[in-house]
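Residue-level structure breakdown
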Amino acid sequence: MEIKISDLDHIRETAREFIDNMGNRKVFAFYGKMGAGKTTFIKAVCEELGVEDVITSPTFAIINEYSGKDDTIYHFDFYRIKKLEEVYDMGYEDYFYSGALCFIEWPELIEEVLPEDAVKVQIIEKEDGTRAVLF
């Protein structure tokens, strides 16, 4: 499926469309170049899921936890991971298999521990500045 983000003014509409198509899946791995909009899109999705906290990139913390209206949401950013042992040490299984929503940035750095049913989401910046969300 492909969803288009025409501009930041319409990102929440795209987030709602994404949520409508998530089904019962819980783990979403977001792929895209630096600056493609992964964090911005995840922030919009979290807001649409009822998160009232300030939503920020977990670049330094690696994980942020939010409470949505129906779910706990874990937002990961593995950009700074140097060794897979760091992921083991943080107890990734407790999060990925908890039944909570998990949104993962830079999953290519931890692919061997991603659950088999993780949904791969690609965010691609188009030449005209729009973004395509593919999943």
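In what follows, the accompanying structure is described.

Conventions we followed
- Residues numbered from 1 in each chain as written.
- Predicted model: local features only at pLDDT ≥ 70, side-chain atom pairs only at ≥ 80, totals over all residues.
- Heavy atoms only, no water.
- Helix = DSSP H or I, 4+ residues; strand = E, 2+ residues; numbered from the N terminus.
- Buried < 20%, exposed > 50% of the residue type's maximum accessible area, 1.4 Å probe, protein only.
- Lys, Arg positive; Asp, Glu negative; His and termini not counted.
- Salt bridge = Lys/Arg side-chain N within 4 Å of Asp/Glu carboxyl O.
- Polar contact = N/O pair within 3.5 Å; in protein donor to acceptor, adjacent residues only side chain to side chain.
- Contact = heavy atoms within 4.5 Å.
- Arc of directions from axis to C-beta.
- Disulfide = S-S within 2.5 Å.
- Pairing = 2+ DSSP bridges.
- Phe/Tyr/Trp six-rings, centres within 6.5 Å; stacked < 30°, edge-to-face > 60°.

1. A look at the side chain of Lys38
Within the secondary structure layout, Lys38 lies in helix H2 (residues 38-48). As a buried residue without a salt bridge, Lys38 has its nearest oppositely charged side chain in Glu105, at a separation of 4.9 Å. Side-chain polar atoms of Lys38 contact the backbone oxygen of Gly32, separated by 2.9 Å. Contacts of Lys38, omitting those with residues within four sequence positions, involve Phe30, Tyr31, Gly32, Lys33, Glu105, Trp106 and Ile123.

2. Some details on helix H1 (residues 11-20)
Taken together, the buried positions of H1 are occupied by Ile11, Thr14, Ala15 and Phe18. Along H1, the residues classed as buried sweep out an arc of 105° about the axis, all on the same side. Packed against the buried residues of H1 are strand S1 (2-5), strand S2 (27-31), H2, strand S6 (119-125) and strand S7 (131-134).

3. Some points on the pattern of salt bridges
If you walk through the whole model with that rule in mind, you get seven salt bridges. Where Lys120 meets Glu111, a salt bridge forms, and the shortest distance between an N and an O atom there is 3.9 Å. Each of Arg12, Arg16, Lys43, Glu47 and Glu48 takes part in salt bridges that share partners, so that together they form one network.

4. Observations concerning the state of the cysteines
Scanning the entire structure with this criterion turns up zero disulfides. The closest cysteine sulfur to the non-disulfide-bonded Cys46 is located on Cys102, 11 Å from its own sulfur. Classification of Cys46 by relative accessible area gives buried; the value is 0%. By relative accessible area, which is 0% here, Cys102 ends up buried.

5. Here we look at the pairing of S1
Residues Ile3 and Ile5 of S1 are buried on one face, while the alternating residues Glu2 and Lys4, pointing to the opposite face, are not. The pairing of S1 with S7 spans four bridges and is antiparallel. Following the sheet pairing, Ile3 is matched in S7 by Val133.

6. Here we look at the packing of aromatic side chains
Both the distance between ring centres and the angle between the ring planes are used here to describe each pair of aromatic rings. One pass over the structure, following the stated rule, counts 15 aromatic pairs. Centre to centre, the rings of Phe76 and Tyr95 are 5.6 Å apart; their planes meet at 80°, and the pair counts as edge-to-face. With Phe76 in strand S4 (residues 72-77) and Tyr95 in helix H4 (residues 92-96), the pair connects residues that are 19 residues apart, well separated along the chain. Residue class for Phe76 comes out buried when judged on its relative accessible area of 0%. Among the residues examined, Tyr95 registers a relative accessible area of 22% and is labelled partly exposed.

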